[in-house]
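# Chain and residue survey
The lines below spell out each chain.
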Amino acid sequence: MIDYDLIVPKLKSHFFIIFSEKFYQKNSGVFIERFVAKHALLRPKLIVVNDQVHGFKKMSQHVASLEKFPIFIEIEGQTDDDGNEYITNIDLYSEANISCQDRLSDIIYLSNSFKKTVSLDRVLSVNNPTKENMVIFSKLQSLLPEIDTWINYNDDDDDDDDDDDDSLDEGADINLVMDPENTALLLDDDSELTSEQLSVLIDICLTSFTNFVKLLDDILVKGKSLKNIEHIFQDSESI
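About the thresholds
- Residues numbered from 1 in each chain as written.
- Predicted model: local features only at pLDDT ≥ 70, side-chain atom pairs only at ≥ 80, totals over all residues.
- Heavy atoms only, no water.
- Core = buried A, V, L, I, M, F, W, Y, C linked by side-chain atoms within 4.5 Å.
- Buried < 20%, exposed > 50% of the residue type's maximum accessible area, 1.4 Å probe, protein only.
- Helix = DSSP H or I, 4+ residues; strand = E, 2+ residues; numbered from the N terminus.
- Contact = heavy atoms within 4.5 Å.
- Axes fitted to C-alpha atoms, helices over the stretch in contact; angles between N-to-C directions.
- Parallel < 35°, antiparallel > 145°, perpendicular 65-115°, else oblique.
- Left-handed = near helix turned anticlockwise from the far one by under 90°.
- Nonpolar A, V, L, I, M, F, W, Y, C, P; charged D, E, K, R; others polar.
- Salt bridge = Lys/Arg side-chain N within 4 Å of Asp/Glu carboxyl O.
- Phe/Tyr/Trp six-rings, centres within 6.5 Å; stacked < 30°, edge-to-face > 60°.
- Pairing = 2+ DSSP bridges.
- pLDDT = per-residue confidence, 0-100.

Now for the nonpolar core. Within the largest apolar cluster, 42 residues are counted, with the highest numbers of intra-cluster contacts made by F15, I73, I75 and L216. Elements with a contribution of two residues or more to this core: helix 1 (4–14), strand 3 (30–39), strand 6 (71–79), strand 7 (85–96), helix 3 (104–113), strand 8 (118–124), strand 9 (132–138) and helix 4 (195–221). Examining the composition of this core, we find that eleven residues originate from one element, helix 4, more than from any other.

What follows deals with the side chain of S199. As for its placement among the helices and strands, S199 is situated in helix 4. Accessibility expressed as a relative area gives 17% for S199, which makes it buried. Beyond its immediate sequence surroundings of up to four residues, S199 is in contact with L6 and K10.

We now examine the packing of helix 1 against helix 4. Each packed pair of helices is defined by two parameters, the angle between the axes and the distance between the axes. Where helix 1 contacts helix 4, the axes come no closer than 11 Å and their chain directions differ by 30°. Here helix 4 runs roughly parallel to helix 1, going by the angle between their axes. In the packing of helix 1 onto helix 4, the handedness of the crossing is right-handed. Residue-level inspection shows L6, I7, K10, L11 and H14 of helix 1 in contact with helix 4, the latter providing L198, S199, I202, D203, L206, T207 and T210. Of the residues assigned to the contact of helix 1 with helix 4, the class counts are six nonpolar, four polar and two charged.

Another point: the pattern of salt bridges. Inspection of every chain in the model, using the stated rule, returns ten salt bridges. A salt bridge links D217 to K222; its shortest N-O distance comes to 2.3 Å. For D217, a relative accessible area of 0% puts it in the buried group. The exposure class of K222 is partly exposed, given its relative accessible area of 28%. One salt bridge in this structure joins D218 and K224, with 3.9 Å as the shortest N-O distance. The exposure class assigned to D218 is buried, which follows from its relative accessible area of 5%. Ionic contacts of the salt-bridge type, sharing partners, join the residues K22, E33 and E85 into one network.

In the structure shown here, the tally under the stated rule is six aromatic pairs. Consider the rings of F114 and F212, whose centres lie 5.3 Å apart with planes at 65°: the pair is edge-to-face. One end of the pair, F114, is in the loop between helix 3 and strand 8; the other, F212, is in helix 4, and 98 residues separate them in sequence.

Side chains on a regular strand alternate between the two faces of the sheet. Examined bridge by bridge, strand 3 and strand 6 share eight bridges and lie antiparallel to one another. Directly across from V30, in strand 6, lies its bridge partner Q78. Linking strand 6 to strand 7, which pair antiparallel, is a turn of five residues; within it G83 sits at a positive phi near 85°.

In this section: the confidence of the model for the chain. For the chain, per-residue confidence averages 77 on the pLDDT scale, and 70% of positions sit at 70 or higher. Across the chain, element-level confidence peaks in strand 3 with a mean pLDDT of 96 and bottoms out in strand 10 (residues 176–178) with 38. Contacts from residues 146–189, a stretch scored under 50 in pLDDT, to residues over four places away or in other chains number 77 contacts. Within the model, pLDDT remains below 50 along residues 234–239, and this stretch shows seven contacts once partners closer than five positions in the same chain are excluded.

Attention now goes to the pairing of strand 3. As paired elements, strand 2 (residues 15–25) and strand 3 share ten bridges and run antiparallel to each other. Residue F16 lies in a different strand from strand 3, and its bridge partner there is K38. In this structure, the hairpin formed by strand 2 and strand 3 is closed by a connection of four residues, where G29 is found at a positive phi of approximately 80°.

This brings us to the environment of P70. Residue placement: P70 occurs in the loop between helix 2 (61–64) and strand 6. On the accessibility criterion, P70 (28% relative accessible area) is partly exposed. For the pair P70 and Y93, spaced 23 residues apart in the sequence, the C-alpha separation amounts to 8.6 Å. Contacts of P70, omitting those with residues within four sequence positions, involve A37, Y93, S94 and E95.

Set out below in structure tokens:
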């Protein structure tokens, strides 16, 4: 399980939430929460004149096509006796009715570049082969299994931890790898995660997801050449 307040505020900052609903089962303490969101670039911008709000700016046509990629978030969690909420499962995904057949090799390259944080499914209809859907899944859920064993809850209690070489300094980079046994996102040296490091890992997953959606839009909707954007990809060994 992971603290509800560690993830949900980040979801609201990384995405433009347009709908949410939450259901509780009081006897068991179980809750389910759902969000419908848009890419953060679709967040309305205010028109402010002399410190007064006069409405919203017209959406730029450059980002309007991101409307084709609605984002869905489904959370399952548990409330303890003190009213604290913890997340036990989270699904973050986007669906788009877009064909990638003409740019299939580019999409495969893009998917491989983001394979540690995002997966992409291509869904074809048996009855109508011309109909095609794409589903983009975040691997954020990979952070949750056995999370209690990863977080060093005592890092604030031990003064020596301030000098620990494994501690994460502000602005430091985390090198992510996929653990072959449980597909969990871990540090390269398998060191114990602090809550600060976990927070950074969550930000990495969410940022990677939004970047992947934007690149899909650039390639499949706007028709941009992969050569014009591939310079932003890191080598898969250094992600």
